[in-house]
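# Structural description and commentary
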Amino acid sequence: MKKIVSILFISLYLVSCSTVPITGRKRFNMVSDDQVLPMSFAQYKGFLAKNKLSTNTKMTNEVKSVGARISKAVDKFMRANGMKKEANKYRWEFNLVEDKQLNAWCMPGGKVVFYTGIMPVCKNVDGIAAVMGHEVAHAFAKHGQERMSSATLQKLGGVAVAVGTSKKDPKTAQLWNLAYGVGSQLGMLAYSRTHETEADKLGMVFMIMAGYQPEEAINVWIRMSERSKGAKKPPEFLSTHPSNQTRIKTLRAFLPEAKRLATKYNR
Ligand SMILES: [Zn+2]
């Protein structure tokens, strides 16, 4: 029996392994788009119904137009790199919500929310593009699905995998809650540092592809760290992220490579 279980786990692992495009990192994802996207879209709709959209038309339009340009770059990349089927499943949407929290997020399938609280840190459209690129990159690299997959292994065990493959199964909903912390005001749980660094790098490539100034990504983190100085607790966006100094250093070092990749993929 034990042997059968380990063989099952090994084969499950093998079929669920894939590579993150662009960065080449090996990931473990056994959650399909068909399982996660309907749930993501429903959660997003529910979130918008319960929260107030910003009445600031200028800022709202900026978020929407930056989102449109960045998602166009991501879409272009996917279609040019054998991911057409996946690209067709995205339902990009960008909204600015009235909330003092210094935060933004993107659910699987391209559902983005910016809080008005993060806008002063973004400061300009290039800054919005930096945060947008980062959030969109989490969805692009399927970090949420990866987290759901490890939650399955850790908390629910192998049985849930078999059960959870049915679309309407409550186990799938349970997995979603484990991965996203639905119900918490933030709406999202922390990503790991590996995911954060990866989102920073991919985000920088996407913002360059969309025609924005990547240097502003570094300035966003500088402004973010100034904000958090003297604050009782770090802004939500930072509490779970790598330290600002590490992040700024990594982005500075990655800038030439990001430019090279963006040129390559924009051809
Ligand atoms: Zn992040």
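Note that this is a predicted model, so its numbers are computed, not measured.

What counts as what
Residues numbered from 1 in each chain as written. Predicted model: local features only at pLDDT ≥ 70, side-chain atom pairs only at ≥ 80, totals over all residues. Heavy atoms only, no water. Helix = DSSP H or I, 4+ residues; strand = E, 2+ residues; numbered from the N terminus. Buried < 20%, exposed > 50% of the residue type's maximum accessible area, 1.4 Å probe, protein only. Contact = heavy atoms within 4.5 Å. Areas by Shrake-Rupley, 256 points an atom, 1.4 Å probe, with all protein chains shown as cover. Donors = N, O, S within 2.8 Å, 3.2 Å for Na, K, Ca; no water. pLDDT = per-residue confidence, 0-100. Salt bridge = Lys/Arg side-chain N within 4 Å of Asp/Glu carboxyl O. Pairing = 2+ DSSP bridges.

The number of helices and strands found in the chain is twelve helices and five strands. Expressed as a percentage of the 267 residues in the chain, the buried residues total 52%. In the chain, 71% of the contacts between residues at least 6 apart in sequence involve partners at least 24 apart. Summing over all exposed atoms, the chain offers an accessible surface of approximately 12,900 Å²; the carbon and sulfur share of this is 57%.

Where a metal carries four tetrahedral donors, each ideal angle is 109.5 degrees; where it carries six octahedral donors, the ideal angles are 90 or 180 degrees. H134 (NE2), H138 (NE2), E196 (OE) and E196 (OE) make up the full set of protein donors to the zinc ion, lying at 2.1 to 2.6 Å. All donor residues of the zinc ion come from one chain, and their arrangement in sequence is H-x3-H-x57-E. Of this pair, H138 sits in helix α6 (residues 125-140) while E196 is found in helix α9 (residues 193-209), placing the two residues 58 residues apart along the sequence. For the pair formed by H138 and E196, the shared burial category is buried.

Take unusual backbone geometry next. What is expected of a backbone is that most residues other than glycine have negative phi and most peptide bonds are trans. Phi is positive for I22, which is not a glycine, with a value near 75°. Within the fold, I22 resides in the loop between β1 (17-19) and β2 (26-28). Under the relative-accessibility criterion, I22 is labelled partly exposed at 21%.

A separate point is the confidence of the model for the chain. Residues with a pLDDT of 70 or more make up 75% of the chain, whose mean pLDDT is 84. Averaged pLDDT values over the elements of the chain bottom out at 57 in helix α11 (residues 236-239) and peak at 98 in strand β3 (residues 93-97). In this model, residues 182-187 is a region of pLDDT below 50 whose contacts with residues beyond four sequence positions or in other chains number 13 contacts.

With that out of the way, let us pick up the pattern of salt bridges. Going through the model one piece at a time under the given rule, you end up with 13 salt bridges. Note that E198 is salt-bridged to R25, the shortest N-O span being 2.9 Å. With E198 in helix α9 and R25 in the loop between β1 and β2, this pair connects stretches of sequence that are 173 residues apart. Owing to a relative accessible area of 6%, E198 belongs among the buried residues under this scheme. One salt bridge connects D75 with R79, and the closest N-O pair in it is separated by 2.7 Å. Here R79 and D75 lie together in helix α3 (residues 57-80), a separation of four residues that amounts to about one turn. In this structure, a network of salt bridges that share partners links the residues R25, E146 and E198.

In this section: the pairing of strand β5 (residues 111-115). Judged by how many residues are buried, β5 sits mostly within the fold: five of five residues are covered. Neither face of β5 is exposed, since K111, V113 and Y115 on one face and V112 and F114 on the opposite face are all buried. Where β3 and β5 come together, five bridges link them in parallel fashion. The residue of β5 that forms the bridge with E93 is K111. In this structure, strand β4 (residues 104-107) lies alongside β5, joined through four bridges in antiparallel fashion. Paired with W105 across the bridge in β5 is V113. Between β4 and β5, which pair antiparallel in sequence order, lie three residues; one of them, G109, sits at a positive phi of approximately 90°.

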